[in-house]
Amino acid sequence: MDQVKDHATDEAMLERRAAIAALLARRPDDLLVVPGLGSTTYDLASLGDDERNFYLWGAMGGAAMIGLGLALARPDRRVAVITGDGEMLMGIGSLATIALQAPKNLAVIVFDNRHYGETGMQESHTARAVDLPAVARGCGFSCAFDVADARGLSDLAAQLTGFSELFFARVRIAANEPPRVLPLRDGVELKKRFRRAIGAG
Amino acid sequence: MTESAWPDRLFETIKRADIRQVGYVPDAGHARLIERCKADPAIRDVVLTTEEEGIALSAGAWLGGQRAILLMQSSGVGNCINMLSLTRICRFPLVMFVTMRGEWEEFNPWQVPMGSIVRPSLELCEADVKRVTRADDVVPTAQAAFQKAYGSDSIVAVLLAQELIGRKQWTK
Ligand SMILES: Cc1ncc(C[n+]2csc(CCOP(=O)(O)OP(=O)(O)O)c2C)c(N)n1
Ligand SMILES: [Mg+2]
């Protein structure tokens, strides 16, 4: 089931686990993924563990910048940051920093449920006024778009297999809470195995 | 060597340490070093909107196999505290160069509250804090910082004292 009813709006919207599965169904070998703390880390883990994932359990606001450092260090790989609206808002200035650097191998994708899901589903700024693709464009992203349906997801999935330009995507998802899938929490181990998996040490 | 050449000597030390990304929020005390980094095609200079971005940037760089440093003034240290959890829990190596304000011949009292707690704040974050007051000590201290950080996967902060940088000109 790709869509569920959003609890706040009663609209049928993309379901987060179906969305992550669709995005990474044909994950290419060269795609490194940095999720944000909380739900997007669980979403990624729900697909099965992978050493090319750098799960976050903290560092709120830092996901996109970790993606930038990684993308600049590894022009031979592609990097997808897949984070939540709350996490992105805390590091919103990083969109300006990233747009200035414009690495061709970085995608910033926000799973926008318009809420702080992890902490009890309080409304976030995107529920009212903040339009994240507009913010990204205002920060200098020349490519920033919305994904709201299955068609959009499959286009984005295709893009992840071979993009060659920095882009920002907001995936509009329902504010539902699937059961947590908890991956490895040991930071040193996450770091070491990630570096080993990509031949960085 | 003249006193004023320490930023150039520090730049050479950074090059020898194979630093490939330099994150910074500008500070007058770092102006020359930033200029040198920007002019070097082998170094990616990343201007940040807030210093904590640099902590995450350097973690990402290391995940990809590159070394990054951070340049900031003392007030920026306060912006980094929670993000340093990432560095600590994963034991990412990190060297930061902090130009001090609020400690010596400071005209602006608003620099004092953060400047006065830079060392204890960083030490609470498990950083080794090394302070430099003389130009001749900049290079050996930086070398020791790189060796320690990359040799033991830890955080080293080099504080560049206000005596070293000189008095800020308030009227032109
Ligand atoms: C600095 C900091 N402030 C607050 C929190 C608590 N916190 C953890 S997750 C989260 C919200 C995440 O919201 P979002 O990124 O939108 O994720 P989702 O809605 O998908 O769960 C918050 C506020 C934290 N971990 N760190
Ligand atoms: Mg959310």
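See the structure above.
Notes on the structure in this doc start here. (Residues numbered from 1 in each chain as written. Chains lettered and ligands numbered in written order. Predicted model: local features only at pLDDT ≥ 70, side-chain atom pairs only at ≥ 80, totals over all residues. Heavy atoms only, no water.)

### Some thoughts on the site of ligand 1
With respect to spatial proximity, 16 residues lie near ligand 1, and among them Ser39(A), Gly86(A), Glu87(A), His115(A) and Gly117(A) are the closest. Residues near ligand 1 are shared among chains A and B, making this a multi-chain site. A distance of 2.5 Å is found between an oxygen atom of ligand 1 and a side-chain nitrogen or oxygen belonging to Ser39(A). Residue Asp85(A) places a side-chain N or O atom 2.9 Å away from an oxygen atom belonging to ligand 1. The fraction of the free accessible surface of ligand 1 (600 Å²) that becomes covered by protein chains is 76%. Within the residue set of the shell around ligand 1, elements represented by two or more residues are α4 (85-90) and β6 (115-116) of chain A. Grouping the amino acids of the shell around ligand 1 by side-chain chemistry returns four nonpolar, eight polar and four charged. (Near = heavy atom within 4 Å. Polar contact = N/O pair within 3.5 Å; in protein donor to acceptor, adjacent residues only side chain to side chain. Areas by Shrake-Rupley, 256 points an atom, 1.4 Å probe, with all protein chains shown as cover. Helix = DSSP H or I, 4+ residues; strand = E, 2+ residues; numbered from the N terminus. Nonpolar A, V, L, I, M, F, W, Y, C, P; charged D, E, K, R; others polar.)

### Looking at the packing of helix α3 (residues 63-73) of chain A against helix α3 (residues 51-63) of chain B
To describe two helices that pack against each other, one gives the angle between their axes and the distance between the axes. Two elements in contact, α3(A) and α3(B), have axes separated by 6 Å at closest approach and are oriented at 40°. Judged on the interaxial angle alone, α3(B) and α3(A) are oblique. Where α3(A) crosses over α3(B), the handedness of that crossing is right-handed. Note on element contacts: α3(B) touches α3(A) through Glu53(B), Ala56(B), Leu57(B), Gly60(B), Ala61(B) and Leu63(B), opposite Met65(A), Ile66(A), Leu68(A), Gly69(A), Leu70(A) and Ala73(A). In terms of residue class, the contact of α3(A) with α3(B) is made up of nine nonpolar, two polar and one charged. (Axes fitted to C-alpha atoms, helices over the stretch in contact; angles between N-to-C directions. Parallel < 35°, antiparallel > 145°, perpendicular 65-115°, else oblique. Left-handed = near helix turned anticlockwise from the far one by under 90°. Contact = heavy atoms within 4.5 Å.)

### Brief notes about the coordination of the magnesium ion (ligand 2)
Residue and element names in this part refer to chain A. For the magnesium ion (ligand 2), the full set of protein donor atoms is Asp85 (OD), Asn113 (OD1) and His115 (O), and the range of their distances to it is 2.1 Å. Motif for the magnesium ion (ligand 2), donor spacing along one chain: D-x27-N-x1-H. Exposure class is identical for Asn113 and His115. Each is buried. (Donors = N, O, S within 2.8 Å, 3.2 Å for Na, K, Ca; no water. Buried < 20%, exposed > 50% of the residue type's maximum accessible area, 1.4 Å probe, protein only.)

### Here's the deal with helix α8 (residues 138-152) of chain B
All names here are of chain B. Counted at 1.5 Å a residue, the expected span for α8 with its 15 residues is 21 Å, and the 21 Å between its end C-alpha atoms agrees. When we look at burial in α8, the residues that qualify are Val138, Val139, Thr141, Ala142, Ala145, Phe146, Ala149 and Tyr150. One face of α8 carries all of its buried residues, which in axial projection span an arc of 165°. Pointing more than 90 degrees away from the buried face of α8 are the exposed residues Gln147 and Gly151. Looking at the residues trailing α8, positive phi occurs at Asp153, about 45°. (Expected span 1.5 Å × (residues − 1). Arc of directions from axis to C-beta.)

### Describing the packing of aromatic side chains
Residue and element names in this part refer to chain A. Going through the model one piece at a time under the given rule, you end up with nine aromatic pairs over all chains. Taking the centre distance of 6.2 Å and the plane angle of 75° together, the rings of Phe54 and Phe194 count as edge-to-face. With Phe54 in the loop between α2 (39-45) and α3 and Phe194 in helix α8 (residues 187-197), this residue pair connects regions lying 140 residues apart in the sequence. Phe54 sits in the buried class, given a relative accessible area of 0%. Classification of Phe194 as buried rests on a relative accessible area of 0%. When the ring of Phe163 is compared with that of Phe167, the centres are 5.2 Å apart and the planes differ by 85°; the resulting orientation is edge-to-face. (Phe/Tyr/Trp six-rings, centres within 6.5 Å; stacked < 30°, edge-to-face > 60°.)

### Here we look at the pattern of salt bridges
Per the counting criterion, the structure on display carries 32 salt bridges over all chains. Note that Arg128(A) is salt-bridged to Glu123(A), the shortest N-O span being 2.8 Å. Owing to a relative accessible area of 44%, Glu123(A) belongs among the partly exposed residues under this scheme. A salt bridge links Asp137(B) to Arg134(B); the nearest nitrogen and oxygen atoms lie 3.2 Å apart. Residue Asp137(B) is classed as partly exposed on the basis of its relative accessible area, which comes to 28%. In the salt-bridge network here, residues are joined through shared partners; they are Asp8(B), Glu12(B), Arg32(B), Glu35(B) and Arg36(B). (Salt bridge = Lys/Arg side-chain N within 4 Å of Asp/Glu carboxyl O.)

### A look at the nonpolar core
If you look at the biggest cluster of nonpolar residues, it comprises 117 residues, and the most contacted ones within it are Phe141(A), Leu160(A), Phe168(A), Leu86(B), Phe97(B), Leu122(B) and Phe146(B). For this core, the element with the highest residue contribution is α3(A), accounting for eight residues. Every residue in contact with Phe168(A), bar those within four places of it in the chain, is listed here: Met88(A), Leu95(A), Val108(A), Val110(A), Leu132(A), Pro133(A), Ala136(A), Phe141(A), Cys143(A), Ala144(A) and Phe145(A). (Core = buried A, V, L, I, M, F, W, Y, C linked by side-chain atoms within 4.5 Å.)

By themselves, these figures tell us nothing about what the structure is for.
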